[in-house]
Number of protein chains: 2
Amino acid sequence: MSQIDYFTEECSVEAVNTRMGETINPRLREVMASLITHLHGFVKEVELTQEEWEFAIDFLTRTGQTCDDKRQEFILLSDTLGVSMLVDAIQHRRPEGATENTVFGPFHVDGAPELEMGANISLDGKGEQCLYEGRVLDLDGNPIEGVRIDVWSDNSEGFYDVQQPDEQPVWNNRGVFITGPDGRYWFTGIKPVSYPIPDDGPVGQMLRHLGRHPWRPAHMHFLLDHPDYERIVTHTFVAGDTYLTSDTVFGVKESLILDYAANPDVKTGWQAHFDFVMNPHEQ
Amino acid sequence: MSQIDYFTEECSVEAVNTRMGETINPRLREVMASLITHLHGFVKEVELTQEEWEFAIDFLTRTGQTCDDKRQEFILLSDTLGVSMLVDAIQHRRPEGATENTVFGPFHVDGAPELEMGANISLDGKGEQCLYEGRVLDLDGNPIEGVRIDVWSDNSEGFYDVQQPDEQPVWNNRGVFITGPDGRYWFTGIKPVSYPIPDDGPVGQMLRHLGRHPWRPAHMHFLLDHPDYERIVTHTFVAGDTYLTSDTVFGVKESLILDYAANPDVKTGWQAHFDFVMNPHEQ
């Protein structure tokens, strides 16, 4: 398409898109052309006013300026608008039966200690004890040996250790386990609790104006790696949690909700059974 | 529509939009629902990858963090993606014959001195002198008295006075003129020069990757106000400028390009004739 010389409301998309150089990266061209089409489509559909545009400029500026080493407000924005989950869903379409992904979240830390199977990852002694156990299987139901399972959760007050470096022991509620030939895993942690995402910034203001809350339902994070299989980044959720159908980051999938049962071997404890099913890398 | 309990790729838009509260501002609901539809539509159309998403998060963060008192990188982004001109076009649809708007730009300053008709606004003595003259008319061709015309341009080196507070006289190339009963205006300025928008930030990087330049064609800014007529925010452009058909902010409209003719009354000067036509406020 030849370049449009002068911008008009009618040909706004073509005016911008035909301005791109001829020798640029083809994927960049594809992504930008689609972005401009949808962005202009939005502005035209709602007939965005000057005041709304000014608010949007200010909102985006404040969102950027809320970011620092420990806070990523644009990721929160992406999460709360369902964009993070959408990208994850598109990139991780899996066959029926394979464990589904969900959001990675901002609280993973590389380098958690590798522990013996059965270890207790709750180092602060708080919360309701829970035995996590199950197997890692392939799509045919065979156990997978040598799967690296990295787990992490909040403590009983709803905070990850990295959020409270002065109050929680290092590596509290974190650990890495490697499966043996039977594909089994088991460890003790706590029954996690629901918690709000940081809502004292622009995203929190947005949620309030949208009539939404900032809460995530309780969950345990799992990251599974094995050379022959596709990485799994997921959580398991606690059945019955108040926020299961209103997770502010849209992370819940029905297949990831599990019953926490009373553990008969522990006085006041729980047990949570979940089998993971890994999808092989494409051949 | 009832709330979607669990997010899926297929129902991602509905999952987010049905989460909005029932009693929120109806215009906010309309704008956000359209935004989510188009934003998810974009992600799905290009099947955005995790790496591209991470780049986008980082780009938006850097754009926000480039903003300060004197620099608004998100407005530059909006300008260079044609969004600013699109909002302006939608909000200022005018009848045939009325003067068209274009972008306001970041360099207007309130409080420029009101000058006698014919004054010279170029206070630094640099550049090629130009007589600007014409009339302000209504749609029937009748002159309008009492129109406040606020004008501003860069100097001959491509900088506005506020960009060089230590090098240019205060109010250099700025002034306000009020039309008399004949609707006429005339003043002396310079023939403006083309200049690049600030391109040392994320927007400049984007333009380079898109194979675009950061230049705006030479223009004189006009802001016309009268109680009975719709405000005009516009520029006039210099015919023959290299960048007329590639203005990096898409501000050029064909009706705003004018020939600068040699002024027979001045040895090395120009004259630029332009009649403005104002649209009455809706009754």
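Residues numbered from 1 in each chain as written. Chains lettered and ligands numbered in written order. Predicted model: local features only at pLDDT ≥ 70, side-chain atom pairs only at ≥ 80, totals over all residues. Heavy atoms only, no water.

(A) A look at the side chain of Thr188 of chain A. Turning to its location among the elements, Thr188 of chain A is positioned in strand S4 (residues 184-190). Ignoring anything within four residues of it in the chain, the contact list for Thr188 of chain A reads Gly118, Ala119, Asn120, Ile121, Ser122, Gln129, Cys130 and Leu131 of chain A. (Helix = DSSP H or I, 4+ residues; strand = E, 2+ residues; numbered from the N terminus. Contact = heavy atoms within 4.5 Å.)

(B) Representation of the layout of surface pockets. One number sums up the size of the second largest pocket: a volume of about 1,200 Å³. Around the second largest pocket, the lining is made up of 41 residues, and of these Ile75, Asp79, Gly105, Pro106 and Phe107 of chain A lie nearest the centre. Of all elements in the fold, only helix H4 (73-80), helix H5 (83-91), strand S5 (195-196), strand S6 (215-216) and strand S8 (229-238) of chain A together with helix H3 (50-66) of chain B reach the threshold of two or more residues within the lining of the second largest pocket. Here the lining of the second largest pocket is built from residues that sort into 20 nonpolar, eleven polar and ten charged. (1 Å grid on protein atoms, 1.4 Å probe; cavity = no way out; pocket = protein on both sides within 12 Å on 5 of 7 lines; lining within 4 Å. Points joined across faces, edges and corners; volume = space filled by probe spheres on them. Nonpolar A, V, L, I, M, F, W, Y, C, P; charged D, E, K, R; others polar.)

(C) Spotlight on the interface of chain A and chain B. On the side of chain B, 71 residues touch chain A, which itself brings 70 residues to the contact. Roughly 6,600 Å² of surface becomes buried between chain A and chain B when both sides are summed, with 65% attributable to carbon and sulfur atoms. The largest share of the area that chain A buries against chain B comes from Tyr6, Phe7 and Arg19 of chain A, three residues that together contribute 11% of it. Taken together, chain A and chain B are joined by six salt bridges. In this structure, the connection of chain A to chain B is made through 34 residue pairs in polar contact (both at pLDDT 80 or more). Going through the elements one at a time, helix H1 (12-17), helix H2 (26-46), helix H3 (50-66), H4, H5 and helix H6 (202-209) of chain A are the ones with two or more residues in the side of chain A that touches chain B. Grouping the amino acids of the side of chain A that touches chain B by side-chain chemistry returns 35 nonpolar, 22 polar and 13 charged. (Buried area = accessible area lost by both parts, 1.4 Å probe. Salt bridge = Lys/Arg side-chain N within 4 Å of Asp/Glu carboxyl O. Polar contact = N/O pair within 3.5 Å; in protein donor to acceptor, adjacent residues only side chain to side chain.)

(D) Structural detail: H6 of chain A. Those residues of H6 of chain A not exposed but buried are Pro202, Val203, Gly204, Met206 and Leu207 of chain A. Contacts made by the buried residues of H6 of chain A are with H3 and H4 of chain A together with helix H2 (26-46) of chain B. Immediately beyond the C-terminal end of H6 of chain A, within one or two residues, lies Gly211 of chain A, with a positive phi of roughly 70°. (Buried < 20%, exposed > 50% of the residue type's maximum accessible area, 1.4 Å probe, protein only.)

(E) Structural context of the packing of aromatic side chains. Scanning all chains against the criterion turns up 31 aromatic pairs over all chains. When the ring of Phe107 of chain B is compared with that of Tyr160 of chain B, the centres are 4.4 Å apart and the planes differ by 20°; the resulting orientation is stacked. Here Phe107 of chain B is found in the loop between helix H5 (83-91) and strand S1 (129-137), whereas its partner Tyr160 of chain B is found in the loop between strand S2 (148-152) and strand S3 (174-178), with 53 residues between them in sequence. Three or more aromatic residues link up through ring pairs in this structure, and these residues are Tyr132, Phe177, Tyr185, Phe187, Phe222, Tyr260, Phe274 and Phe276 of chain A. (Phe/Tyr/Trp six-rings, centres within 6.5 Å; stacked < 30°, edge-to-face > 60°.)

(F) Up close: the relation of the copies chain A and chain B. Screw-axis analysis of chain A against chain B gives a translation of 0.0 Å along the axis, an RMSD of 0.0 Å, and a rotation angle of 180°. What we have between these two chains is a two-fold relation. In terms of proximity to the rotation axis, the leading residue of chain A is Gly64 of chain A, whose C-alpha is 2.1 Å off the axis. Most of the interface of chain A is mirrored in chain B, where 100% of its interface residues are also at the interface. (Least-squares fit on C-alpha atoms with pLDDT ≥ 70 in both.)

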